[in-house]
Amino acid sequence: TMAFEGLSTRLQNVFGKLRGKGKVSEDDVNEAMREVRLALLEADVNFKVVKDFIAKVKDRAIGQEMAKSFTPGMVVVDIVNKELTELMGGTQSKLAKANKPPTVILMAGLQGAGKTTSSAKLAKMLQKSNHKPLLVAGDIYRPAAIKQLQVLGEQIGVPVFTLGDQTSPVEIARSGLQHAKDNGLDYVILDTAGRLHIDAALMEELRQVHEVAKPDEVLLVVDSMTGQEAVNVAKSFHEQLELTGVVLTKLDGDTRGGAALSVKAVTGCPIKFVATGEKIEPLEPFHPERMASRILG
Ligand code: GDP
């Protein structure tokens with residue numbers, strides 16, 4: 001995969017220099033941090049996030065942690081690794097589970113972000129751990145969205161509930177939930193309509209679906225290739241819909257990584273899953289510490 005390549009290479013260069021040093025002065029740290037700052041900005045990480053990040057790392061690096069160490073270069077790398085992990089949420093955020101099944105997961109996002117594909121991937125992941133998911137086709141506006149979900153459902157052997165495109169999404173959500181209860185299915189994944197841009201009508205409809213479905217989990221699907229735009233989208237959805245997590249898609253592309261590194265800090269909402277590829281493989285839980293290590297190489 002090419003994702004984060006630019007950022008990764010640049011950070012490895014910066015730390016390669018530091019690692020080799022027996023002694024690391026405050027100037028060395030400042031110089032390294034200047035380069036890290038540029039690398040993060042070029043990777044399209046949010047400006048304020050970068051500023052806070054650099055301040056935190058410098059604070060710790062120039063503080064006592066280094067003074068005590070015989071390998072100060074390694075200490076700086078370690079501090080950056082820990083802070084990068086923190087930035088992305090620290091620990092892995094688990095999928096919520098209802099006290100009484102079914103667990104309801106609302107999938108939201110802009111059109112083209114990968115909502116329908118990710119819904120199927122999530123279903124496959126749940127199915128793999130012996131759950132019985134139901135996919136509910138609630139995107140009645142995009143032509144062929146229902147058909148797409150049906151095809152994917154059939155491909156992975158997960159039932160798809162639809163009432164066609166002439167029934168309101170609210171009614172589809174209500175009936176879908178009932179269908180899951182009646183059939184002993186323990187997870188309901190609600191695919192919803194996306195628009196090309198955030199608009200009031202879409203939000204209002206989502207709010208109504210939310211009210212009826214009372215989801216345990218509201219996942220926003222965002223396209224990591226759109227960088228800061230993904231973060232802005234997450235911010236506005238979160239303000240209006242109380243998201244519980246983000247699914248970051250298209251990490252297989254040559255994304256610069258800005259979205260992955262900014263979403264949690266800007267929105268307060270953790271990335272719960274990442275998606276790669278168009279093929280329906282199980283959705284992968286997002287591990288901040290693994291991602292940090294991958295970036296630092
Ligand atoms: P929706 O409008 O949000 O439901 O988006 P779709 O699920 O239909 O996905 C839009 C396009 O992106 C489709 O061509 C998908 O195959 C593709 N896609 C979705 N997720 C990924 C991903 O993780 N990686 C790649 N490379 N393509 C993806």
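Calculation rules
Residues numbered from 1 in each chain as written. Predicted model: local features only at pLDDT ≥ 70, side-chain atom pairs only at ≥ 80, totals over all residues. Heavy atoms only, no water. UniProt positions renumbered as here; feature names shortened; annotations may be inferred. Buried < 20%, exposed > 50% of the residue type's maximum accessible area, 1.4 Å probe, protein only. Helix = DSSP H or I, 4+ residues; strand = E, 2+ residues; numbered from the N terminus. Pairing = 2+ DSSP bridges. Right-handed = clockwise from strand over helix to strand, strands pointing away. Axes fitted to C-alpha atoms, helices over the stretch in contact; angles between N-to-C directions. Parallel < 35°, antiparallel > 145°, perpendicular 65-115°, else oblique. Left-handed = near helix turned anticlockwise from the far one by under 90°. Contact = heavy atoms within 4.5 Å. Nonpolar A, V, L, I, M, F, W, Y, C, P; charged D, E, K, R; others polar. Polar contact = N/O pair within 3.5 Å; in protein donor to acceptor, adjacent residues only side chain to side chain. Near = heavy atom within 4 Å. Areas by Shrake-Rupley, 256 points an atom, 1.4 Å probe, with all protein chains shown as cover.

The name given to the protein chain in an unreviewed UniProt entry is Signal recognition particle protein, and the organism recorded there is Paenibacillus nasutitermitis. For the record of the protein chain, the UniProt heading Sequence similarities (unreviewed entry) holds the text "Belongs to the GTP-binding SRP family. SRP54 subfamily." Entered under Subcellular location (unreviewed entry) in the UniProt record, the comment concerning the protein chain runs "Cytoplasm".

Draft legend 1. Local environment of the pairing of strand E5 (residues 217-223). By the criterion of burial, E5 is predominantly enclosed, with seven of the seven residues buried. Here E5 shows two buried faces, one formed by Glu217, Leu219, Val221 and Asp223 and the other by Val218, Leu220 and Val222. With four bridges connecting them, strand E1 (residues 103-108) and E5 associate as parallel partners. Of the residues in E5, the one forming a bridge with Ala108 is Leu220. Relative to strand E6 (residues 245-249), E5 is paired through five bridges, and the arrangement is parallel. Opposite Val221, over in E6, you have Val247 as the bridge partner. With helix H10 (residues 228-241) bridging E5 and the parallel E6, this β-α-β connection has right-handed handedness.

Draft legend 2. Representation of the packing of helix H6 (residues 115-128) against helix H7 (residues 145-156) in the model. One way to put it is that H6 packs onto H7 with a least axis distance of 10 Å and a crossing angle of 25 degrees. One way to sum up the angle between H6 and H7 is to call them roughly parallel. Seen from above, H6 lies across H7 with right-handed handedness. Together, Thr116, Thr117, Ser119, Ala120, Ala123, Lys124 and Gln127 of H6 and Ala145, Gln148, Leu149, Leu152 and Ile156 of H7 make up the contact between the two elements. Class assignment for the residues of the contact of H6 with H7 results in six nonpolar, five polar and one charged.

Draft legend 3. Seen up close, the side chain of Glu217. When you line up the elements, Glu217 lands in strand E5. Side-chain polar atoms of Glu217 contact the backbone nitrogen of Ala96, separated by 2.5 Å. Polar side-chain contacts of Glu217 include one of 2.4 Å to the side chain of Thr244.

Draft legend 4. Representation of the site of the ligand within the structure. Surveying the vicinity of the ligand reveals 17 residues, the closest of which are Gly112, Lys115, Thr117, Asp252 and Glu278. Here an oxygen atom of the ligand sits 2.7 Å away from a polar atom, N or O, in the main chain of Gly112. The contact in question runs from an oxygen atom of the ligand to an N or O atom on the side chain of Thr116, over 2.8 Å. Coverage of the ligand by the protein amounts to 81% of the 580 Å² it exposes when considered alone. Per element, the largest residue contribution to the shell around the ligand is four residues, and it comes from H6. Residues that form the shell around the ligand fall into these classes: three nonpolar, eight polar and six charged.

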